[in-house]
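Observations on chain architecture
The primary structure of each chain is shown beneath.
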Amino acid sequence: MAAAAVAAAAVLALRRRRRPGRTSRPGARVARGGVMLDLKYVVEHFDEVAARLGTRGGNVDVQPLRDLADRRRALVTERDNLRRDQKAVSDGFRQPGVTPERREELRAKSKAMGERIAAAETGVGQVEARISDILMNTPNLPQPSTPVGTSADDNVVVRTVGEPRRLDFQAKEHWEIGEALGILDFEAARKVSGARFVLYRDAGARLERALASFMLDLHVSRGYREVLPPYVVLRDCMVGTGQLPKFFEEAYVATDDLFLIPTAEVPVTNIHREEMLDAARLPINYVAYSACFRREAGSHGKDVKGMTRVHQFQKVELVKFATPEASYEEHEKLVADAEEVLKRLDLPYRVVSLCSGDLGFSASKCYDIEVWLPGQAAYREISSCSNFEDFQARRASIRYRPAPGEKPRFVHTLNGSGVAIGRTIIALLENCQQADGSVVIPPALRPYMGGIEVIR
RNA sequence: GGAGAGAUGGCCGAGAGGUCGAAGGCGCCUGACUCGAAAUCAGGUGUGGGCAUCGCUCACCGGGGGUUCGAAUCCCUCUCUCUCCGCCA
């Protein structure tokens, strides 16, 4: 299972496409070859890879890779042989007693060879660019334990925790409650930023801040290191975690080479981009609070009311770097850590294992945590906890040395919301609403609310 | 924003057109010594690609481009880091 990842760290082709003069790659030392290991795996396990990718649905076509791999191999061999020969010719210059005539002869010969090398080189570049293009746009392989299915309907409920609350009055939806209390101001948000934004006021703003502190404190107490990352990242980061090149439409572009983060996963995972991690330090656990910016392209008409789906929301994110041996276990722990938030807030939820067809691009396995919303009378996603295995690590070149003297290996990366704050507020408003429209703050949160027990 | 200096393997650090994948050191591995360890001594130890199943070969010295028969080394350019000055939350 180790070699499960498909897409490659082939930042090469991508980099080539970048406008000159706008590159930025501090301390760049990408293991370029790492790309090809990946290709090798796909080609050598072609049927298996195609089958596993097939369970995702969509139109993933890795078929051309077989031919391309063959062509690449032939071109590389040719180029390398030419280079070796040219080296041999060049050595002639250092022989004792070379006459000027001899030098001129060698010079002409070597120069001609140089031209052939350049041609072969171009060929290799073109083939590798095509390979990279395919691999970079190929999603991760689902883990064997990921249920096979085509849509969210095929997701599997793993466990349900807490009873959906029974209210003895007609449950309202969060926007009704929030606007009536004056803590959610959609009108002001629209004026300031347009559709799909929210502005919190008074106890609402306080609630956002309280939840962030509460979640951060909780996770720090359970072994995560707190970080506060930049909200704007370089293109390479977006490529590393898998948002680019394929999901450009989803991202807010700050400048040509800078992007607003869609999740803290991006900057936090990329903390260790192009690094060799100390095996003794693994697993590394980070918790980060950040705003998240999403275009929500293609979700027109979905969740248009309220703040279920907005262009900016805040989230506390958990990120792990683990050895391949430990990653499955760490994944379970990650989910448990996210669940703990809901348990302490006394919110009913269930954990769902996403089926192959519903899996995100980079994930090999994913659990969603869905919180019960009385207003909508439905379970809605509040956290998504994924294991990416070495998919992101390959793209971002994040490795570790298992033991002194051993070969470097790619780490496994994992992350999950712990949890989305906006949706937690939705859940609190709907679950803790009372007949008179007031909302009771769960005891665990009161210390962070400056004494507020009920928002009325 | 102005002026300089720099970017080399896991880390530190030499190298100034070919004999450099790169001295030396640290770290690590193996062996010797030891009851064992430390110290010491000897040897080994970068990452990928291609062919091949002793092994051979190619690439990689921040990124990109150029000069040259040949570039870690020369030129251009970009990025980043550091020092000084200015400005500023």
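Just above sits the structure.
As a starting point, this report considers the structure included with it. Worth saying up front: this structure is predicted, and the values here are computed from it rather than measured. Here the residue numbers are simple positions, counted from 1 along each chain's written sequence. The lettering of chains begins at A and the numbering of ligands begins at 1, in the order of writing. Confidence filtering applies because this is a predicted model: local features only for residues at pLDDT of at least 70, side-chain atom pairs given and counted only at 80 or more, and all residues used for totals across whole chains, interfaces and linings. Calculated side-chain values reflect all of the structure's heavy atoms, with hydrogen atoms and water omitted.

1. Brief notes about the overall build of chain A
Per the secondary structure count, chain A includes 13 helices and 18 strands. For chain A, the C-alpha atoms occupy an extent of roughly 100 × 45 × 40 Å along the three principal directions. Burial analysis of chain A (456 residues in total) assigns 52% to the buried set. Counting only contacts in chain A whose residues sit at least 6 apart along the sequence, the fraction spanning at least 24 positions is 75%. Per-residue accessibility takes into account occlusion by the displayed protein chains alone, with areas from the Shrake-Rupley method and a 1.4 Å probe. Accessible surface, chain A as shown: approximately 20,800 Å² in total, 50% of it carbon and sulfur. Positive: Lys, Arg. Negative: Asp, Glu. His and the chain ends are not part of the count. We put the charge of a Lys on NZ, of an Arg on CZ, of an Asp on CG and of a Glu on CD. Charged side chains in chain A number 66 positive and 61 negative. The centres of these two groups are separated by 5 Å. Secondary structure elements are taken from DSSP: a helix is a run of H or I of four residues or more, a strand is a run of E of two residues or more, and numbering for both begins at the N terminus. Relative accessible area decides the class of each residue, using a 1.4 Å probe on protein chains only: under 20% of the type maximum gives buried, over 50% gives exposed, and in between gives partly exposed. Throughout, a residue-residue contact means that at least one pair of heavy atoms, one from each residue, lies within 4.5 Å.

2. Side note on the pairing of strand β9 (residues 284–293)
With respect to burial, β9 is a largely interior element, nine of its ten residues being buried. Alignment of strand β4 (residues 225–227) against β9, held across three bridges, turns out to be parallel. By the bridge assignment, V227 is partnered in β9 with A288. Here, strands pair whenever DSSP counts at least two bridges between them. Sheet analysis places β9 next to strand β10 (residues 312–322), joined by ten bridges and oriented antiparallel.

3. A short note on a negative patch on the surface
Together, D153, D154, D358 and E381 line one region of the surface with negative charge. Turning to its location among the elements, E381 is positioned in strand β13 (residues 378–387). Residues form patches when they are more than 30% accessible in relative terms and have no salt bridge. Like charges link within 9 Å. Nonpolar side chains (Val, Leu, Ile, Met, Phe, Trp, Tyr) link within 5 Å. In the sections that follow, a salt bridge refers to a side-chain nitrogen of Lys or Arg positioned within 4 Å of a carboxyl oxygen of Asp or Glu.

4. What to know about the packing of aromatic side chains
Only centres within 6.5 Å qualify two rings of Phe, Tyr or Trp (six-membered ring in Trp) as a pair; their planes then separate them into stacked at under 30 degrees, edge-to-face at over 60, and tilted for everything else. The tally for this structure, following the rule as stated, stands at six aromatic pairs. Ring centres of F214 and Y448 lie 6.1 Å apart, and the angle between their planes is 75°; on these two criteria the pair is classed as edge-to-face. Linking F214 in helix α8 (residues 202–221) with Y448 in the loop between β17 (439–440) and β18 (454–455), this pair joins segments that are 234 residues apart in sequence. Taking the relative accessible area as the measure of exposure, F214 reaches 5% and is therefore buried.

5. Looking at the packing of α8 against helix α13 (residues 421–431)
Here an axis means a line fitted to C-alpha atoms, over the contact stretch when the element is a helix, while the angle between two N-to-C directions is reported on a 0 to 180 degree scale. Packing of α8 against α13 leaves a shortest axis separation of 10 Å and a crossing angle of 115°. When the interaxial angle is binned, α8 and α13 end up roughly perpendicular. With respect to the hand of their crossing, α8 and α13 are arranged in right-handed fashion. Here G204, L207, E208, L211, A212 and M215 of α8 lie close against α13, whose contacting residues are I421, T424, I425 and L428. Lys, Arg, Asp and Glu make up the charged group, whereas Ala, Val, Leu, Ile, Met, Phe, Trp, Tyr, Cys and Pro make up the nonpolar group; the residues left over, Gly among them, are polar. Partitioning the contact of α8 with α13 into residue classes produces seven nonpolar, two polar and one charged. An angle counts as roughly parallel when it lies under 35 degrees, as roughly antiparallel when it exceeds 145, as roughly perpendicular when it falls between 65 and 115, and as oblique in every other case. When the near helix sits turned anticlockwise from the far one by under a right angle, the crossing is termed left-handed; a clockwise turn instead gives a right-handed crossing.

6. So, the sheet that holds strand β8 (residues 275–278)
Adjacent strands of a sheet pair through backbone hydrogen bonds, lying either parallel or antiparallel. The three strands lie next to each other as β8-β14-β15, forming an open sheet whose pairing is mixed. Both edges of this open sheet fall to β8 and β15 (409–410), since each of them pairs with a single strand only. Of the strand pairs in this sheet, strand β14 (residues 398–401) and β15 are connected by two bridges, and their pairing is antiparallel. In the sheet register, Y400 faces β15, and the bridge partner there is R409.

7. Details of the sheet that holds strand β7 (residues 258–260)
Strand order in this open sheet of three strands is β5-β7-β6, and the pairing throughout is antiparallel. Strands with a single pairing partner mark the edges of an open sheet, and in this sheet they are β5 (232–234) and β6 (253–255). Looking at each pair of strands side by side, their axes are set apart by 35° on average, direction ignored. The sheet contact formed by β5 and β7 spans three bridges and is antiparallel. Each residue of the ladder has a partner; that of L234, found in β7, is L258.

8. Structural notes on unusual backbone geometry
In this structure, the amide linkage connecting L244 to the following residue, P245, adopts the cis form with an omega of 5°. Here P245 lies in the loop between α9 (235–241) and β6. With an omega dihedral of -5°, the bond running from L282 to P283 counts as a cis peptide bond. By secondary structure assignment, the location of P283 is in the loop between β8 and β9. You will see that R196, though not glycine, has its phi angle at about 65°, which is positive. Along the chain, R196 falls in the loop between α7 (186–193) and β3 (199–200). Given a relative accessible area of 16%, R196 falls into the buried group. The residue A377 is not glycine, and still its phi comes out positive at about 50°.

9. Considerations on α7
Within the span of α7, buried status applies to F186, A188 and A189. The arc that holds every buried residue of α7, seen down its axis, measures 155°, which confines them to one face. Pointing more than 90 degrees away from the buried face of α7 are the exposed residues E187 and K191. Tucked inside the fold, the buried residues of α7 contact α6 (174–181), β2 (184–185) and β3. We define a polar contact as two N or O atoms separated by no more than 3.5 Å, with the added condition that, inside protein, one atom must be a possible hydrogen donor and the other a possible acceptor, whereas residues neighbouring each other in sequence contribute only through side-chain atom pairs. At the N-terminal boundary of α7, the capping side chain belongs to D185, with an oxygen 3.2 Å from the backbone nitrogen of E187. What the arc covers is the set of directions going from the helix axis to the C-beta atoms.

10. Describing the pattern of salt bridges
Applying the stated criterion across every chain, the model contains 27 salt bridges. The salt bridge involving E48 is made with R52; its shortest N-O contact spans 2.8 Å. Residue E48 and its partner R52 are located together in helix α3 (residues 46–54), separated by four residues, close to a single helical turn. Classification of E48 by relative accessible area gives partly exposed; the value is 32%. When the shortest N-O distance is used, the salt bridge between D303 and R380 registers 3.1 Å. With D303 in the loop between β9 and β10 and R380 in strand β13, the pair connects residues that are 77 residues apart, well separated along the chain. Salt bridges here are not isolated pairs; linked through shared partners, they connect R79, D80, R83 and E121.

Purely geometric numbers; function is a separate question.
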